[in-house]
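# Survey of secondary and tertiary structure
So you can see what is in the structure, the chains are spelled out below.
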Amino acid sequence: MTPPPQPPDRDFDDEIAHHIRERADALIRSGWDPPEAEAEARRRFGDPAGVRAALEAIRRGRGGPLGAWGRGFLRDLRLAARSLARAPTFAGAVVLSLALGIGAAASAFAVLDALLLRPLAYRHAERWVYLNATTPSGAATQGQHAAQARYWLTEGKDVFDGLVGWGSDQVVRLDGLEPEALSVVTVTPGTERELGIPVVAGRGFTEQDAVPGAPDVVLLTEAYWRRTGADSSLIGRTIRLETGPAAVVGVVGSGLRFPSYGDERQMWAVLRSDLSYLDRSARGVQALWGLLPEGVPLAVQQSRLDARTAALEEQQPLPNPWGVRLRPIDALNAGAETRQALWVLFGTTLALLVMGLVSAVNLVLVRATTRTRELAVRTALGGTRGALFRLLLAEGLLLGLASGALAVLVARVRLLAVDPGFETERIAEARLMLSPTRYETDAARADLLRRLEDALEARPEIGGVTVVSSSGFAFGDPLEAEGRRVREDQPELVPFAAVQEDFLNVLGIAPVSGRGFVTADAGTDHAVVDADLARFLWGQGDPVGRRFRLGAEGAWWTVVGVVPELRLMGRDQRSGPYQYLLPADPAKTGGYAEFRMRTAGDPARLPPLFRETLRELDPEQWIWSVRTAEEALAEEEGIPRFLVAIMTTLASLATLLAALGVYGVLAVAVERRRRELGIRIALGAGLRRLRRSVLLDGVKLAGLGAMVGGAVAMAGAGYVGALLYELEPRDPRALATAAAVILAVAAVAAWVPAVRATRVDPAEVLRAE
Amino acid sequence: MPRPALSVLPGTVTSLALSALEQGGRMHGFEVLSWLETQTDGQLLVEEGALYPALHRLEKRGLIRGDWGISEKGRRAKYYTLTAAGRKELARERVQWARYAALMDKVMAPEAGS
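### Quick notes on the overall build of chain B
Along chain B, the regular secondary structure elements total four helices and five strands. Overall, chain B shows an N-to-C arrangement of helices and strands of β-α-β-α-β-α-β-β-α. Across the 114 residues in chain B, those meeting the buried criterion constitute 37%. A sequence separation of at least 24 residues applies to 52% of the contacts in chain B between residues at least 6 apart.

Put into structure tokens, the structure is as follows:
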């Protein structure tokens, strides 16, 4: 039977005592008197205290892998771990506070770094500038006019140390598994060399390739090449494009990014030296970058260019002005509003970090005040100050390590999906651009579209199909309500779509006023507007029956119905929320068609179904895109939505941290007031009143914070405006809701300290006096 | 007349203790001491003060294992046993001791013929 374990110090005494006892017994057996035997046994043992000290020294001991100091610290860590385990709420709260603050800051910083701070990887990135044409008033626009582009690509390029340019067009590749639309970027020869984009395989373009009449050659981007299997035998082979055959001569690294296609569907073609491209391509050269001569700052170069363009203006006046505005290329990485929004993000995360730290410190302080007695006892038992310090240090270290680990997890949590505010339903959309060679007439096009629509509707998985025959946006013409003054604050773009009468049904949109389209509407001037457009034009009144037009020359449309949200072109701030629908005219069927399909089941099934159905009818017709509504939303909204998602996450974290902070501060306060509380309770203070008073303290704190926060929010609202959709930055409802939430959270956080306050034992407090 | 007991050479107590535990089995500190006394007819003096630190050092190095038990007399006592590592170490020390002793003999031996 083993005896119960004893503390180590007792062990030494027992062992020594046992030995002396045994020796005394042995002496007694050999004839000694018990008392003398005892004394002799002690004498023979020598110095028990010395032995004890030696044993203790051995236990603490030198030796072992870490040495005395290391082993001591390991022991401290173990003690610290045990001590923290006894206070799980405290440890948890500290770790959480730090982790949230650090994690949030880290992940936001990663975003900022990627979008804003990391310099572009081009060679001489800081010297490349973008050439933008200017309007007569001097504002910069995107791109250039053809005549300008022609000039800068030929005579004008001596002003720069280097010049590259490109235009991107969509071309269909026919020799893949499916016809595939790609972005073909036509670049000036030597672009990859000048920008420092590596040639991964094969070769880049040469001047020979740019000679007019030379065979067509293309370069694949590395992303595209890898996506299609990284087959090196492809280099040197000819591929079949809609525009004709082209030989693949090499593979270039990712360098030129276009949001709509990305790198994975991109090829490069070479700009011929006769610049015939400028005549052929609808969009022309979309980007021209010049390399500032060494040592010449942008402002100086700008004035050189201004002088030159002024001279050109005189010699060779054009309908479009010659003016050029230079911009550094890193400005392209994110638009001005996005940059602002990103800095707001940065400020927020710094604030979160500080909150996390303050919360953690508060909580540690609380714990410190409750441990004074424990620490005093340790000191009385012989703990040196150094030992105590090491113990506290070990605790701090453990907490920090745990927080760091958790922070990594927090940083890895990708954006919480932001609820777009409406159901994306179970809808998919597919866009087709009918081949002009195979479908030459309206009748042919209408026939295919009808057959496709019927075939899709025949599928059991598909609940409804509607075809949008044209969609786009009105641009530049002001919206005018009949009989009213034209407003100044016009949206830049107003999306519209020509739809069939089942459009609203299939998409599950019910008109809030009036009706949707019926067959009789085809070819008429009837329109269905969305609620925001109605409000823009007519305020709160019912617009059914009223008329509007775009531009003074435009035709009048009569409103027959109003619908809530439409999402014709995504929720880009630029395009505004105003949209309208027109009835499709079956007599006119253009080459473009959008199919919207609805299913009761999994929307991810719809894209493959669509492909299959189309393939059965026409295997050579390529699909521009087919995706679920959710995917479309995600793609079109790009950066702003991403930012909103982050901000939402951060706001939630901030609320959590605020709760922890309030808890911490109140817990300290209650601890400090222990004596007072104990006395009050002893004197008969009502427990409920006490609890309420602590709760009120918490709520008052939060109220103060909410006021300060509200003021800051109002002041900083302008910066955040870029992120908001359909919401004024100073929306009083939003601010009021935020304040209410924080007050509620504070009340909850204050609950535990409030209850603890009432549990103070007056007897214990008074005894301690 | 018994010759005076020799003090144990410093550094050899651990070897003695290992050997004692090998041959005597599970013993507590006093038993180890008694065993050594018996084996050497009381000729070798091992100080208690030296024995216990030696035992604890051996325990720390993992060469012996200590466990608390109740003696036949009903007292709380710490018993020690040799571990496998201890056996190996003992074998090593035996070899070393033999070499040392032989070298000592050689050096200390009187000149042949004196």
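Having seen it, we continue.
### Considerations on the overall build of chain A
Helices and strands together make up the secondary structure of chain A, namely 22 helices and 21 strands. The burial tally for chain A puts 44% of its 769 residues in the buried class. For chain A, the proportion of contacts with a sequence separation of at least 24, taken over those separated by at least 6, is 77%. Of the accessible surface of chain A, which amounts to about 39,300 Å², a share of 58% is contributed by carbon and sulfur atoms.

### Focus: the interface of chain B and chain A
Contacts between the two partners involve 22 residues from chain B, matched on the other side by 27 residues from chain A. In total, chain B and chain A occlude about 2,200 Å² of area from one another, counting both sides; carbon and sulfur atoms represent 56% of this. For chain B, the biggest contributors to the area lost against chain A are Phe30(B), Trp68(B) and Arg76(B); these three give 30% of the whole. The tally of links from chain B across to chain A stands at seven salt bridges. A salt bridge links Lys73(B) to Asp25(A); the nearest nitrogen and oxygen atoms lie 3.5 Å apart. Ranked by residues supplied to the side of chain B that touches chain A, first place goes to helix α3 (residues 48-60) of chain B with seven residues. Tallied by class, the residues present in the side of chain B that touches chain A amount to eight nonpolar, six polar and eight charged.

### A word on the pairing of strand β6 (residues 238-241) of chain A
Of the two faces of β6(A), only one is covered, namely that formed by Ile239(A) and Leu241(A); the face formed by Thr238(A) and Arg240(A) stays uncovered. The hairpin formed by β6(A) and strand β7 (residues 244-252) of chain A contains two residues between the paired strands.

### Quick look at the pairing of strand β18 (residues 557-563) of chain A
Residue and element names in this part refer to chain A. Where burial is concerned, most of β18 is hidden: seven out of the seven residues are buried. Pairing analysis gives two bridges linking strand β15 (residues 513-514) to β18, with the strands arranged antiparallel. Residue Ser-513 lies in a different strand from β18, and its bridge partner there is Val-562. Inspection of the sheet shows strand β16 (residues 526-530) paired to β18 by five bridges, in the parallel sense. Each bridged residue has a counterpart across the sheet, and for Val-529 the counterpart in β18 is Val-562.

### A short note on the confidence of the model for chain B
For chain B, per-residue confidence averages 87 on the pLDDT scale, and 94% of positions sit at 70 or higher. Under the prediction, the complex receives an ipTM of 0.88, its pTM being 0.43.

### Considerations on the packing of helix α1 (residues 13-24) of chain B against α3(B)
All names here are of chain B. At a minimum axis separation of 9 Å, α1 and α3 run at an interaxial angle of 70°. Taken as axis vectors, α1 and α3 run roughly perpendicular relative to one another. Along its contact with α1, which presents Val-13, Thr-14, Ala-17 and Leu-18, the element α3 presents Ala-50, Leu-51, Ala-54, Leu-55 and Leu-58.

### Considerations on the sheet that holds strand β5 (residues 76-82) of chain B
All names here are of chain B. Read across the sheet, three strands follow the order β2-β5-β4 without closing on themselves; strand pairing throughout is antiparallel. Where the open sheet ends on each side, the last strands, each with one partner, are β2 (27-28) and β4 (64-70). Bridge count for β2 against β5 is two bridges, and the pairing is antiparallel. Across the sheet, the residue bridging to Met-27 is Tyr-80, located in β5.

### Some thoughts on the pattern of salt bridges
Within this structure, the stated rule accounts for 42 salt bridges over all chains. For Arg52(A), the salt bridge identified is with Glu56(A), shortest N-O distance 3.1 Å. Taken together, the residues Arg52(A) and Glu56(A), both in helix α3 (residues 48-60) and four residues apart, mark about one turn of the helix. A network of salt bridges, in which partner residues are shared, links Arg21(A), Glu22(A), Asp25(A), Glu38(A), Arg42(A), Lys73(B) and Arg75(B).

### Comments concerning the nonpolar core
Formed by 38 residues in total, the largest nonpolar core has its most connected members in Phe90(A), Val94(A) and Leu399(A). Among the secondary structure elements, those contributing two or more residues to this core are α5 (88-117), α11 (336-370), α18 (629-672), α19 (674-682), α20 (687-720) and α21 (732-758) of chain A. Non-local contacts of Leu399(A), meaning those with residues more than four positions away in its chain, are made with Leu84(A), Phe90(A), Ala91(A), Val94(A) and Val95(A). The next biggest cluster of nonpolar side chains, apart from the first, holds 32 residues, and it includes Ala24(A), Trp35(B), Leu36(B) and Leu55(B).

### Digging into a positive patch on the surface
A grouping of Arg75(A), Arg78(A), Arg82(A) and Arg86(A) is seen on the molecular surface, where their side chains present a positively charged patch. The class for Arg78(A) is exposed, based on a relative accessible area of 53%.

### Considerations on the side chain of His28(B)
Locating His28(B) in the fold gives a position in strand β2. Not counting the four nearest positions on each side in its chain, His28(B) is found in contact with His18(A), Glu22(A), Ala77(B), Lys78(B) and Tyr79(B).

### Section: helix α17 (residues 606-617) of chain A
All names here are of chain A. Along its 12 residues, α17 runs 17 Å from first to last C-alpha, staying within 8% of the 16 Å computed at 1.5 Å per residue. Of all the residues in α17, the buried ones are Leu-606, Pro-607, Leu-609, Phe-610, Thr-613 and Leu-614. Projected down its long axis, α17 carries its buried residues within an arc of 160°, all on one side.

### Here's the deal with the packing of aromatic side chains
Tallied over the full model, the rule gives seven aromatic pairs over all chains. Geometrically, the ring pair formed by Tyr151(A) and Trp152(A) is edge-to-face, given 5.0 Å between the ring centres and 75° between the ring planes. Comparing Tyr151(A) with Trp152(A), the two get one shared label, buried. One aromatic cluster in this structure is built from Tyr151(A), Trp152(A) and Phe160(A). Its guanidinium or amino end placed over the ring of Tyr130(A), Arg327(A) lies 5.6 Å from that ring's centre, counting from NZ or CZ. Sitting over the face of the ring of Trp68(B), Arg76(B) holds its NZ or CZ atom 3.8 Å from the ring centroid.

### Regarding the environment of Glu764(A)
Residue and element names in this part refer to chain A. Along the chain, the position of Glu-764 falls in helix α22 (residues 762-767). Overall, the relative accessible area of 30% leaves Glu-764 in the partly exposed class. Considering only alpha carbons, one finds Glu-764 and Gly-678, 86 residues apart in sequence, at a separation of 8.2 Å. For Glu-764, the contacting residues outside a window of four places in its chain are Arg-373 and Arg-674.

What counts, and at which threshold
- Residues numbered from 1 in each chain as written.
- Chains lettered and ligands numbered in written order.
- Predicted model: local features only at pLDDT ≥ 70, side-chain atom pairs only at ≥ 80, totals over all residues.
- Heavy atoms only, no water.
- Helix = DSSP H or I, 4+ residues; strand = E, 2+ residues; numbered from the N terminus.
- Buried < 20%, exposed > 50% of the residue type's maximum accessible area, 1.4 Å probe, protein only.
- Contact = heavy atoms within 4.5 Å.
- Areas by Shrake-Rupley, 256 points an atom, 1.4 Å probe, with all protein chains shown as cover.
- Buried area = accessible area lost by both parts, 1.4 Å probe.
- Salt bridge = Lys/Arg side-chain N within 4 Å of Asp/Glu carboxyl O.
- Nonpolar A, V, L, I, M, F, W, Y, C, P; charged D, E, K, R; others polar.
- Pairing = 2+ DSSP bridges.
- pLDDT = per-residue confidence, 0-100.
- Axes fitted to C-alpha atoms, helices over the stretch in contact; angles between N-to-C directions.
- Parallel < 35°, antiparallel > 145°, perpendicular 65-115°, else oblique.
- Core = buried A, V, L, I, M, F, W, Y, C linked by side-chain atoms within 4.5 Å.
- Patch = residues over 30% accessible without salt bridge, like charges linked within 9 Å, V, L, I, M, F, W, Y side chains within 5 Å.
- Lys, Arg positive; Asp, Glu negative; His and termini not counted.
- Charge placed at Lys NZ, Arg CZ, Asp CG, Glu CD.
- Expected span 1.5 Å × (residues − 1).
- Arc of directions from axis to C-beta.
- Phe/Tyr/Trp six-rings, centres within 6.5 Å; stacked < 30°, edge-to-face > 60°.
- Lys NZ or Arg CZ within 6 Å of the ring centre and 35° of its normal.

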